[in-house]
Amino acid sequence: MRHDPLPPYQTQASLPDLPFAMIDTLIRAEAAEQGLDLHDGHGRSTWCKLPDGGEFGAKMGPTGSILYVRAHARDRLHDLCKTVTHRLVGHLPDLRPAWSSLDRPGAHPPNFSLARVAGVTRIAADFLRLRLEGGDMGRLSRDLIHFRLVLQPRGTTVPAWPVIGDDGRTVWPKGAATLHRPAYTVRHIDPAAGWLDTDIFIHDGGRACDFAACAAPGTVVGLTGPGGGGIVQAGSLLIGGDETAYPALARTLEAAAADVRGECHLFGARSDYPLPDHPGIRIIHTPGGEAVLADRLRQEGTNARRIWLATERSRLAPLKTAILDDLRIDKAQAHLAAYWSA
Ligand SMILES: Cc1cc2nc3c(=O)[nH]c(=O)nc-3n(C[C@H](O)[C@H](O)[C@H](O)COP(=O)(O)OP(=O)(O)OC[C@H]3O[C@@H](n4cnc5c(N)ncnc54)[C@H](O)[C@@H]3O)c2cc1C
């Protein structure tokens, strides 16, 4: 019997035709592959605990199995259901778990909310700061710092947003109504006052850039998330990225304790983005300098306890090779992310 409290948000799906032994094997394989903390309840249930305190598992049903997911936040529960469904359908393509949803069909999914443009400010030659205001900002102020802007196709007069379908899954508008969903970083947020700032790098042909450049106060956008990673923390840091990563670098510099040491590499063309000062982290501006840093790392190695680098996919490649293949630094120590593709 377990003694720890259950996460408060739960949902389950009855799978009467799926023998428990089969789902038990799948959960054990998933736990081994992902390095998850596996538990079993005397052969009648099997579950994995996740690093954020959530869990997923299965128990014997009256016939077949009952799959369940538990989380500490409503939006996280929704994400977990999606992930578990996706992984399961990968093994058993005919399976369609119908989650006992907490959400009414037709409502927006819990990791989605609407916000209004409060204002747009130019903060550097190539950056616009978009302030958005609305309800449910609290979920975007937790550990994860990224979200997706959800934008209507240009010229839309009757906006369509994602809703929960009858089977509990999210239904996104399709065809001409397909929404644009680029990832961005929360730069500042005040959940109590109901606003967040995100900093948008202006580049040719960018739909989000065009939106921000023209958005009138009151224009409605969607927000999904949070997602992506959190703020990297360690006593010594090697961080860097191109313009799209500058807001995340700013969050990292702001959060780093005064005794943290390290380097912050800016690979973008300009360096006028407002980054916070940090006494122990040196800012190094080398436009397009990903390959140069990769060579240096290959020759000199690094003492940094944690590495965080994000840039364009092909420019990230030499850094990945140097750090993961040549220096054989553990993936858990190095977050190397492609933020966009040329
Ligand atoms: C986790 C995460 C967090 C991110 N945070 C931020 C952030 O805070 N601020 C930010 O500005 N970006 C951020 N990005 C990058 C951003 O999501 C992409 O640049 C995205 O494509 C921008 O959408 P768009 O509508 O402007 O361009 P799209 O309409 O999607 O793309 C149009 C064209 O622009 C090109 N393109 C996309 N990005 C760039 C670029 N940076 N430079 C030149 N050409 C480009 C595309 O290849 C495409 O050809 C983040 C990405 C990730 C994965």
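Being a predicted model, the structure only gives us computed values, none of them experimental.

Calculation criteria
- Residues numbered from 1 in each chain as written.
- Predicted model: local features only at pLDDT ≥ 70, side-chain atom pairs only at ≥ 80, totals over all residues.
- Near = placed C-beta within 6 Å.
- Helix = DSSP H or I, 4+ residues; strand = E, 2+ residues; numbered from the N terminus.
- Nonpolar A, V, L, I, M, F, W, Y, C, P; charged D, E, K, R; others polar.
- Domains from an automatic or database assignment.
- Buried ≥ 20, exposed ≤ 12 C-beta atoms within 10 Å, placed from the backbone.
- Contact = placed C-beta atoms within 7 Å.
- Pairing = 2+ DSSP bridges.
- Axes fitted to C-alpha atoms, helices over the stretch in contact; angles between N-to-C directions.
- Expected span 1.5 Å × (residues − 1).

**Q** Could you give me a rundown of the site of the ligand, with the residues and numbers involved?
**A** Among the 24 residues in the neighbourhood of the ligand, the closest are listed as Pro 182, Thr 185, Phe 201, Gly 206 and Ala 208. For the shell around the ligand, the secondary structure elements donating two or more residues are strand 11 (183-185), strand 13 (195-201), helix 3 (207-214) and strand 19 (334-340). Here the element with the most residues in the shell around the ligand is strand 13; it accounts for four residues. By residue class, the composition of the shell around the ligand is 11 nonpolar, 10 polar and three charged. Composition of the shell around the ligand by domain shows at least three residues from each of domain 2 (112-227) and domain 3 (236-340).

**Q** Got a sec to walk through the environment of Arg 76? Specific residues and values, please.
**A** Its location among the elements puts Arg 76 in helix 2 (residues 74-91). A tally of 24 C-beta atoms within 10 Å means that Arg 76 is categorised as buried. C-alpha separation for the pair Arg 76 and Thr 156, spaced 80 residues apart in sequence, amounts to 30 Å. The contact partners of Arg 76, leaving out residues within four places of it in the chain, are Asp 52, Gly 54 and Ala 71.

**Q** Tell me about the sheet that holds strand 8 (residues 146-150), and name the residues and values.
**A** Either a parallel or an antiparallel arrangement is found when strands of a sheet pair, and the pairing is made through backbone hydrogen bonds. Pairing within the open sheet is antiparallel, and its seven strands lie in the order 11-8-14-6-7-13-12. Only two strands of the sheet have a single partner each, and these edge strands are strand 11 and strand 12 (188-190). Each strand axis lies, on average, 40° off the axis of its neighbour in the sheet, ignoring direction. Alignment of strand 6 (residues 112-124) against strand 7 (residues 127-133), held across seven bridges, turns out to be antiparallel. Its bridge partner lying in strand 7, Gly 119 is registered against Arg 131.

**Q** Run through the environment of Tyr 273, naming residues and quoting values.
**A** The residue Tyr 273 is located in the loop between strand 16 (261-266) and strand 17 (281-285) in this model. For Tyr 273 and Ala 250, which are 23 residues apart along the polypeptide, the C-alpha to C-alpha distance reads 9.2 Å. The residues touching Tyr 273, leaving out its near neighbours within four places in the chain, are Ala 124, Phe 127 and Tyr 246.

**Q** So what about helix 2? Which residues, and what values?
**A** With 18 residues, helix 2 extends 27 Å between its outermost C-alpha atoms, agreeing within 8% with the 26 Å of an ideal straight helix rising 1.5 Å per residue. What helix 2 keeps buried is the set Asp 75, Arg 76, Leu 77, His 78, Asp 79, Leu 80, Cys 81, Val 84, Thr 85 and Leu 88. Contacts from the buried residues of helix 2 go to strand 1 (9-15), helix 1 (20-34), strand 4 (55-60) and strand 5 (65-71).

**Q** Pulling in residues and values, what's your account of the sheet that holds strand 17?
**A** Spatially, the five strands line up as an open sheet ordered 17-16-15-18-19, and their pairing is parallel. This sheet does not close on itself; its edge strands, each paired only once, are strand 17 and strand 19. Within the sheet, the average angular offset between the axes of one strand and its neighbour, ignoring direction, is 10°. Pairing geometry for strand 15 (residues 236-241) and strand 16, over six bridges, is parallel. Opposite Ser 236, over in strand 16, you have Arg 261 as the bridge partner. Helix 4 (residues 246-255) rests against strand 15, strand 16, strand 17 and strand 18 (306-312) of the sheet, and its axis sits at about 160° to strand 15. Its contacts with the sheet put helix 6 (residues 313-326) on strand 18 and strand 19, and the angle it makes with strand 18 is roughly 155°.

**Q** Please set out the pairing of strand 5 residue by residue, giving values where relevant.
**A** Of all seven residues making up strand 5, seven are buried, and the element is well covered by its neighbours. The side-chain alternation of strand 5 yields two buried faces, one formed by Ser 65, Leu 67, Val 69 and Ala 71 and the other by Ile 66, Tyr 68 and Arg 70. In terms of strand pairing, strand 1 meets strand 5 through seven bridges, oriented antiparallel. Bridging from a neighbouring strand, Ala 13 pairs with Leu 67 of strand 5. Sheet topology places strand 4 next to strand 5; six bridges connect them, and they run antiparallel. When the sheet's bridge partners are listed, Glu 55 is paired in strand 5 with Arg 70.

**Q** Tell me about the pairing of strand 8, residues and numbers included.
**A** Within strand 8, five of the five residues are buried, leaving the element largely enclosed by the surrounding structure. Because side chains alternate across strand 8, one face comprises the buried residues His 146, Arg 148 and Val 150, and the other comprises Phe 147 and Leu 149, equally buried. The sheet contact formed by strand 8 and strand 14 (residues 220-227) spans four bridges and is antiparallel. Each bridged residue has a counterpart across the sheet, and for Arg 148 the counterpart in strand 14 is Thr 224. As judged from the three bridges shared by strand 8 and strand 11, these two strands associate in the antiparallel manner. If you follow Arg 148 over to strand 11, its bridge partner there is Ala 183.

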